[in-house]
Amino acid sequence: MVAKAELHCHIEGAASPDLVVVQARKYGVDTSSFLRDGAYIWHDFTSFLAAYDAAAGLFRTEEDYALLAEDYLTGLARDGAIYSEIFISPDHAGKAGLSPGAYADALGEGIVRARASTGIEGRMIVTGIRHFGASSVMAAARFAAGCGHRLVTGFGMAGEERFGHPRDYVGAFDMAREAGLGTTVHAGELAGWESVAAALDHIRPARIGHGVRAIENPDLVRRLADERVVLEVCPVSNVTLKVFADFASHPLPQLLAAGCRVTLNSDDPPHFHTSLAHEYAVAARVFDLDDNALAGLTRTALEAAFIDEATRAMLLRRLGDKAVAP
Ligand SMILES: [Zn+2]
C-alpha cells in the first residue's frame with residue numbers, strides 16, 4: 001500500500017457518522033434530519049451547511065475535540081496515512097464557548113493520542129473564515145501567531161471565496177508568515193481562475209486550497225508550475241459540489257502534466273462520502289495513476305508540509321520504505 005499524506009481537511013467536517021451518533025447520544029440530540037443509515041444526508045448547499053453545522057455542534061468540550069482529532073487521525077492511519085494537517089477553526093470553538101487556546105490544546109491532545117497509538121504525525125492549520133470579514137480573519141491570525149502551540153504550524157483561510165478581495169487579508173497573512181507559519185488559502189473552487197491569480201498576487205501563499213479552476217487559464221497554470229505553488233486538490237469534493245460535472249472533466253491529470261505540484265485531499269470527507277483512501281483509489285481508477293504516481297503525490301504533500309525538517313526527513317524515509325514494501 002502506498003503511504004498517504006493529507007494537507008486539506010476541515011476537522012469539524014471530518015467527524016465520522018459513528019462518532020457523531022455517540023456525541024448525539026451524549027447530548028440527547030436527534031440526528032434524523034442530517035444522518036441516515038450511518039451517512040450524512042444533504043441535497044443542496046444549504047442543507048450541506050446545515051448538516052455540517054449540526055454535526056460540528058455536537059463537539060462542545062475539550063474532551064469532545066480531543067476525541068474528534070484522535071478518531072479522525074486514527075482512522076486515517078488505519079488507511080495507510082503517515083501525515084495529516086487539519087484545518088482548525090477557532091470560530092467554531094467560540095460558538096461552543098471554548099477559548100481558541102483551549103480548543104487548539106484539545107485538538108492537539110487528540111493528535112498526540114493518535115500518534116501514540118498509530119505513529120501518524122499531525123499538525124494544525126488555524127483558519128480564518130473569509131466571509132466573517134477581515135477583522136475576524138486577523139483575529140484568527142493573531143491567535144495562530146501568538147498561541148505558541150508546537151503543533152500549530154500553519155495559517156489559512158476558508159469560507160466564501162467570492163466575499164471581499166484578497167488584499168483585505170494581506171495583513172493577516174503577513175502576520176502569520178512573520179511568526180514562521182506556513183500559509184494556504186482557498187481559491188479557485190467556487191470562484192474562477194481570477195481568484196487564484198489574485199491570491200497569488202496579494203497573499204503569496206505557499207499552497208492553494210483547491211486552485212483547480214486555474215485550469216481555465218493556461219498562463220496561470222504555467223505560473224503555478226513555475227512558482228512551485230502546491231495545490232491541495234480534493235477531487236471527490238469538487239465533483240460532489242459540481243465544480244466539475246464528473247471525474248472525466250476534472251483537471252487533476254492536466255495540472256500534473258503541466259508540471260503543477262498536486263496533492264490529494266478529502267476536504268470534509270464523510271459529508272462527501274469520501275476518505276483519503278478513497279481519494280487515492282479514485283485517482284488510481286479514474287485518473288489512471290499507478291503506485292509510483294500516487295507515491296509522488298504523497299511526496300509532494302510531505303515536501304509541502306508545514307513541518308520541521310527533521311520530521312519531514314523521517315516521513316520521507318517512511319514513504320520510501322512503504323513504497324517498496326509489497
Ligand atoms: Zn476546504
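Here we summarise the structure given alongside this text. Treat the numbers as computed from the prediction; the structure is a model and nothing was measured.

1. Describing the packing of aromatic side chains
Then, in step 1: By the definition in use, this model includes nine aromatic pairs.
Then, in step 2: Summarising the aromatic geometry, the rings of tryptophan 42 and phenylalanine 272 are spaced 6.2 Å apart at their centres and angled 75° between planes, so their arrangement reads as edge-to-face. Taken as a pair, tryptophan 42 in the loop between strand S3 (39-40) and helix H2 (45-56) and phenylalanine 272 in the loop between strand S10 (261-264) and helix H12 (276-286) lie far apart in primary sequence, 230 residues in all.
Then, in step 3: Taken together through their ring pairs, the aromatic side chains of Trp42, Phe45, Phe48, Tyr52 and Phe272 make up a single cluster.
Then, in step 4: Looking at arginine 60, its charged tip hangs above the ring of tyrosine 27, at a distance of 4.2 Å from the centre.
Then, in step 5: A cation over an aromatic ring shows up here: arginine 207 above the ring of phenylalanine 306, its NZ or CZ 3.9 Å from the ring centre.

2. With respect to the pattern of salt bridges
Then, in step 1: The full count for this structure, using the stated rule, is 18 salt bridges.
Then, in step 2: The salt bridge partner of aspartate 308 is arginine 123, with a shortest N-O separation of 3.6 Å. Separated by 185 residues along the polypeptide, aspartate 308 in the loop between helix H13 (291-304) and helix H14 (309-324) and arginine 123 in strand S5 (residues 121-129) bring together distant segments of the chain.
Then, in step 3: Taking relative accessible area as the criterion, arginine 123 reaches 6% and is therefore assigned buried.
Then, in step 4: Between aspartate 174 and arginine 177 there is a salt bridge, with its nearest N and O atoms 3.0 Å apart. Of this pair, aspartate 174 and arginine 177 are both found in helix H7 (residues 170-178), three residues apart, which corresponds to roughly one turn of the helix.
Then, in step 5: Residue class for arginine 177 comes out partly exposed when judged on its relative accessible area of 25%.

3. Structural notes on the sheet that holds strand S9 (residues 230-233)
Then, in step 1: One open sheet accounts for eight strands, arranged S1-S4-S5-S6-S7-S8-S9-S10; its pairing is parallel. In this open sheet, the two edge strands, each paired with only one partner strand, are strand S1 (4-6) and S10. The sheet shows a mean angle of 25° between the axes of neighbouring strands, direction not considered.
Then, in step 2: Pairing of strand S6 (residues 152-158) with strand S7 (residues 182-187), which is carried by four bridges, proceeds in the parallel orientation. Across the sheet, residue phenylalanine 155 finds its bridge partner in S7, namely threonine 183.
Then, in step 3: Its contacts with the sheet put H12 on S1, strand S4 (81-88) and S10, and the angle it makes with S1 is roughly 115°.

4. Focus: the environment of cysteine 147
Then, in step 1: Tracing the sequence through the fold places cysteine 147 in the loop between helix H6 (134-146) and S6.
Then, in step 2: Placed 94 residues apart in sequence, cysteine 147 and aspartate 53 show a C-alpha to C-alpha distance of 26 Å.

5. What about the packing of helix H8 (residues 193-203) against helix H9 (residues 218-226)?
Then, in step 1: Contact pair H8 / H9: the axes reach a minimum separation of 10 Å and the direction vectors enclose 35°. Where H8 crosses over H9, the two elements pack in a sense that is left-handed. Across the interface between the two elements, Trp193, Val196, Ala197, Leu200 and Asp201 of H8 pack against Leu220, Arg223 and Leu224 of H9.
Then, in step 2: A per-class count over the contact of H8 with H9 returns six nonpolar, no polar and two charged.

6. Brief notes about the coordination of the zinc ion
Then, in step 1: With distances of 2.1 to 2.4 Å, the protein atoms coordinating the zinc ion are His8 (NE2), His10 (NE2), His186 (NE2) and Asp267 (OD).
Then, in step 2: Taken together, the four donor atoms coordinating the zinc ion span angles of 84 to 171° at the metal, a pattern that classifies the geometry as irregular.
Then, in step 3: In terms of primary sequence, the donors binding the zinc ion are separated according to H-x1-H-x175-H-x80-D. A residue pair is termed long-range when its members are at least 10 positions apart, and histidine 8 in the loop between S1 and helix H1 (17-27) and aspartate 267 in the loop between S10 and H12 qualify at 259 residues.
Then, in step 4: Judged by relative accessible area, which is 0%, histidine 8 ranks as buried.
Then, in step 5: On the basis of relative accessible area, aspartate 267 is assigned to the buried category, the value being 3%.

7. Description of the pairing of S9
Then, in step 1: Side chains Val230 and Glu232 of S9 all project onto a buried face; the interleaved residues Leu231 and Val233 project onto the opposite face, where all are buried too.
Then, in step 2: Where strand S8 (residues 207-210) lies against S9, three bridges are found, and the strand directions are parallel. Across the sheet, the residue bridging to glycine 209 is glutamate 232, located in S9.
Then, in step 3: For the segment spanning S8, H9 and S9, crossover handedness is right-handed.
Then, in step 4: Pairing of S9 with S10, which is carried by four bridges, proceeds in the parallel orientation. Its bridge partner lying in S10, leucine 231 is registered against valine 262.

8. Description of H6
Then, in step 1: Relative to the 18 Å expected for 13 residues at 1.5 Å per residue, H6 spans 18 Å between its end C-alpha atoms, a close match to the ideal helical length.
Then, in step 2: By the burial criterion, the buried members of H6 are Ser136, Val137, Ala140, Ala141, Phe143 and Ala144. Taken end-on, H6 shows its buried residues confined to a sector of 160°, consistent with a single buried face. Among the exposed residues of H6, those pointing more than 90 degrees away from its buried face are Ser135, Arg142 and Gly146.
Then, in step 3: Contact partners of the buried residues in H6: helix H4 (90-95), helix H5 (100-118), S5, S6 and H7.

9. Remarks on the environment of arginine 177
Then, in step 1: Counting along the chain gives 32 residues from arginine 177 to alanine 145, while the straight-line C-alpha distance between them is 8.4 Å.
Then, in step 2: Sequence-distant contacts of arginine 177, that is, excluding residues within four places in its chain, are made with Thr183, Ile203 and Arg204.

About the cut-offs
Along every chain, residues carry numbers that run from 1 in the direction the sequence is written. pLDDT decides what is reported in this predicted model: residues at 70 or higher carry local features, side-chain atom pairs at 80 or more are listed and counted, and totals for whole chains, interfaces and linings draw on all residues regardless. Side-chain numbers here rest on the full set of heavy atoms in the structure, without hydrogens or water. In this scheme Phe, Tyr and Trp rings, the latter by its six-membered ring, pair at centre separations within 6.5 Å, and the angle between planes marks the pair as stacked below 30 degrees, edge-to-face above 60, and tilted otherwise. Each helix is a run of H or I in the DSSP string that is no shorter than four residues. Each strand is a run of E no shorter than two, and both are numbered from the N terminus. Over a ring means this: the NZ of a Lys or the CZ of an Arg is within 6 Å of the ring centre and within 35 degrees of the ring normal. Any Lys or Arg side-chain nitrogen located within 4 Å of an Asp or Glu carboxyl oxygen qualifies as a salt bridge. In this scheme, a residue with accessible area under 20% of its type's maximum is buried, one over 50% is exposed, and one in between is partly exposed, where area comes from a 1.4 Å probe on protein chains only. When DSSP locates at least two bridges between a pair of strands, those strands are taken to pair. All axes are obtained by fitting lines to C-alpha atoms, using only the stretch in contact for helices, and the reported angles, taken between N-to-C directions, cover 0 to 180 degrees. Note on definitions: a residue-residue contact is assigned when non-hydrogen atoms from the two residues lie within 4.5 Å. By definition, turning the near helix anticlockwise from the far helix through less than a right angle yields a left-handed crossing, and turning it clockwise yields a right-handed one. Residue polarity is assigned by list, with Asp, Glu, Lys and Arg as charged and Ala, Val, Leu, Ile, Met, Phe, Trp, Tyr, Cys and Pro as nonpolar; anything else, Gly included, falls into the polar class. Note that water is not among the atoms considered, so a metal site may appear incomplete; the donors listed are N, O and S atoms within 2.8 Å of the metal, with 3.2 Å applied to Na, K and Ca. Each label reflects the angles at the metal, where four donors whose angles all fall between 85 and 135 degrees are tetrahedral, four or six donors whose opposite pairs open beyond 155 degrees and whose other angles stay between 65 and 115 are square planar or octahedral respectively, and the rest are irregular. Crossover handedness is defined here as right-handed if the route from the first strand over the helix to the second strand goes clockwise, with the strands pointing away from the viewer. Helices are assigned an expected span. That span is 1.5 Å times one less than the residue count. Arc, as used here, means the arc of the directions from the helix axis to the C-beta atoms.

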